[in-house]
Amino acid sequence: MTLKVAETVHGDWTVLRMRGELDLVSSPAVRQSVHEAVAEGRHDVVLDLSEVQFCDSSGVGVLIAARRLMRSCGGRLRLILPARGAEEGSHVNRVICALGVRRLFDVYPNRRAAVDDGARPLPV
């Protein structure tokens, strides 16, 4: 299954909604989408991973690289995963928790919360 990336803008936030598998083949498309947003001056990015069914180490690597890029340009990166992602079968949530990198990310349960500057991220 391929990965599809759709971009929308909500106020100051660019939301990149992904559907499919985030792996070695598809991770360059995510990296490119994040880099294009930054190149266009959009430094607040949300990666909506709620419809990603599979994520391997390449996918996790692109998430970490996106975080590093956003921090280097003074931007913000937020992830969307279901509130009870591990219980509901969110593969991405299980993978980033298992690898011990979940604490690196601000995770939100949905788009409305992710683009709300007053909302608090989900606990680790």
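Residues numbered from 1 in each chain as written. Predicted model: local features only at pLDDT ≥ 70, side-chain atom pairs only at ≥ 80, totals over all residues. Heavy atoms only, no water.

### Points about the sheet that holds strand 1 (residues 4–10)
Moving on, step 1. Spatial ordering of the open sheet is given by 1-2-3-4-5, a layout of five strands whose pairing is mixed. Pairing within the sheet leaves two strands with one partner each, and these edge strands are strand 1 and strand 5 (106–108). Across the sheet, the mean angle from the axis of one strand to that of its neighbour is 25°, orientation sign disregarded.
Moving on, step 2. Pairing of strand 1 with strand 2 (residues 13–22), which is carried by seven bridges, proceeds in the antiparallel orientation. Pairing of A6 across the sheet is with R17, part of strand 2.
Moving on, step 3. Against the sheet, helix 2 (residues 57–72) touches strand 2, strand 3 (44–55) and strand 4 (76–80), its axis set at about 175° to strand 3. (Pairing = 2+ DSSP bridges. Helix = DSSP H or I, 4+ residues; strand = E, 2+ residues; numbered from the N terminus. Axes fitted to C-alpha atoms, helices over the stretch in contact; angles between N-to-C directions. Contact = heavy atoms within 4.5 Å.)

### Side note on the side chain of T14
Moving on, step 1. Relative to the elements of secondary structure, T14 occurs in strand 2.
Moving on, step 2. Within the local environment of T14, its side chain forms a polar contact with the side chain of R42, the two groups lying 3.1 Å apart.
Moving on, step 3. Discounting chain neighbours no more than four positions away, the residues touching T14 are E7, T8, V9, A37, R42, D44, V45 and V46. (Polar contact = N/O pair within 3.5 Å; in protein donor to acceptor, adjacent residues only side chain to side chain.)

### Digging into helix 1 (residues 27–39)
Moving on, step 1. With 13 residues, helix 1 should cover 18 Å at 1.5 Å per step; its first-to-last C-alpha distance of 18 Å lies within 8% of that length.
Moving on, step 2. For helix 1, the full list of buried residues reads S27, V30, S33, V34, A37 and V38. Down the axis of helix 1, the buried set is contained in an arc of 135°. They therefore lie on one face.
Moving on, step 3. In this structure, the buried side of helix 1 is in contact with strand 1, strand 2, strand 3 and helix 2.
Moving on, step 4. Two residues or fewer after helix 1 comes G41, characterised by a positive phi angle close to 85°. (Expected span 1.5 Å × (residues − 1). Buried < 20%, exposed > 50% of the residue type's maximum accessible area, 1.4 Å probe, protein only. Arc of directions from axis to C-beta.)

### What about the pairing of strand 2?
Moving on, step 1. A large share of strand 2 lies buried, amounting to seven of its ten residues.
Moving on, step 2. In sequence, strand 1 turns back onto strand 2 through a hairpin of two residues, with G11 there showing a positive phi of about 65°.
Moving on, step 3. The β-α-β motif built from strand 2, the intervening helix 1 and the parallel element strand 3 has right-handed crossover chirality. (Right-handed = clockwise from strand over helix to strand, strands pointing away.)

### A look at the confidence of the model for the chain
Moving on, step 1. Scored by pLDDT, the chain has a mean of 92; 94% of the residues are at 70 or more.
Moving on, step 2. Within the chain, the lowest mean pLDDT, 90, falls on helix 3 (residues 91–98), and the highest, 97, falls on strand 4. (pLDDT = per-residue confidence, 0-100.)

### Things to note about the nonpolar core
Moving on, step 1. Grouped together as the largest cluster of nonpolar side chains are 28 residues, with contacts concentrated most on M18, L22, L47, L49 and L63.
Moving on, step 2. Looking at this core, the elements with two or more residues in it are strand 2, helix 1, strand 3, helix 2, strand 4 and helix 3.
Moving on, step 3. Here the element with the most residues in this core is helix 2; it accounts for six residues.
Moving on, step 4. Look past the residues within four positions of L47 in its chain and what remains in contact with it is L16, M18, V34, L63, A66, L77, R78, L79 and I80.
Moving on, step 5. By size, the runner-up hydrophobic cluster in this structure holds eight residues, among which are Y108, A113, A114 and A119. (Core = buried A, V, L, I, M, F, W, Y, C linked by side-chain atoms within 4.5 Å.)

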